[in-house]
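Residue-level listing of the chains:
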Amino acid sequence: MKDLHTCLNAMTVDVEDFFHVSAFDKIIKPADWENFNPRVDNNTRRLLDIFARHGVKSTFFVLGWVAERYPQLIKEIHAQGHEIASHGYAHRRASEQSREEFKQDVVRSKQHLEDLLGEAVIGYRAPSFSIGYSNEWAFEVLVELGFVYSSSTYPVKHDLYGTPDWPRFAYNRPENIIEIPIPTLKMFGRQVPIGGGGYFRLYPYGMTRHLVRKYLEKEKQPYSFYFHPWEIDAEQPRLTQASAKSRFRHYVNLQHTEAKLERLLQDFNWSTMKDVYGVNA
Ligand SMILES: [Zn+2]
């Protein structure tokens, strides 16, 4: 393996707003989304500036709802050399949809992005890593729609998602699509989630760096990191109706996340999913 400092890892952003997240879907329905003041445009632009400062290219899994409202933003992300991929249209968990509903949701987002950019969109990430034991057919649908890779599984035990006994590294599915699972580390007899999100905000930065280094040394696989634009937005409105657990997961350490992200961008080498995993249309 290449030196830890030169090996290339995948930076990914799920482009959605604070009111789209699955942790709040019991209290905020899609029909309510129009009642919020969107912050995703500004937050994503801030992220673009941070990436530009560090010379980092990333894959942006864009929610169709966002792309429809902010076409200029999506074009700018693309113009800056980042990869645009799909996060579906309405942020519904794949595991809570029928095959046909899932297909309609994904096709709507893919077509819209492709019309906007004039090129093929080949990557997909399911909301809340919601492809698993109960809906492997989702991979067949993704292949039908022309996707080349997916990053929709998290091999951990979690109350909302997780496929702990599925592969932990990028692999070719029997349906003929590459699945790039969110990274985990084997520690204390279990698989610890180290891919980003709430865990990144919860752990002190030194801990994240240690875990990523350990992963790279031990597994000799590229690491991939996921992040949301709202995670650098400490000023976002607080949703007091949500459960204590959901609020903790969403709001913990927002004020420190931007600084942590800058350190992460500095300490490792990053590029897009396409680049790191060598996937192409
Ligand atoms: Zn999401």
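Structural notes, computed from the coordinates. Since the structure is predicted, the reported quantities are computational estimates derived from the model, not experimental observations.

### Observations concerning the pairing of strand β9 (residues 190–193)
- In this structure, strand β8 (residues 184–187) lies alongside β9, joined through four bridges in antiparallel fashion. Paired with threonine 184 across the two strands is proline 193, which belongs to β9.
- Between β8 and β9, which pair antiparallel one after the other, the connecting turn spans two residues, and phenylalanine 188 there sits at a positive phi close to 50°.

### Things to note about the pairing of strand β3 (residues 83–86)
- Residues Glu83 and Ala85 point to one face of β3 and Ile84 and Ser86 to the other, with burial holding for every one of them.
- By the bridge criterion, four bridges tie strand β2 (residues 59–62) to β3 in an arrangement that is parallel. Bridged to phenylalanine 60 within β3 is isoleucine 84.

### Let's talk about unusual backbone geometry
- Even without being glycine, histidine 91 reaches a positive phi, approximately 55°.
- With respect to the secondary-structure elements, histidine 91 resides in the loop between β3 and α4 (99–117).
- Even without a glycine there, the phi angle at phenylalanine 188 is positive, about 50°.
- Structurally, the position occupied by phenylalanine 188 is in the loop between β8 and β9.

So, how was this worked out
- Residues numbered from 1 in each chain as written.
- Predicted model: local features only at pLDDT ≥ 70, side-chain atom pairs only at ≥ 80, totals over all residues.
- Heavy atoms only, no water.
- Pairing = 2+ DSSP bridges.
- Helix = DSSP H or I, 4+ residues; strand = E, 2+ residues; numbered from the N terminus.
- Buried < 20%, exposed > 50% of the residue type's maximum accessible area, 1.4 Å probe, protein only.

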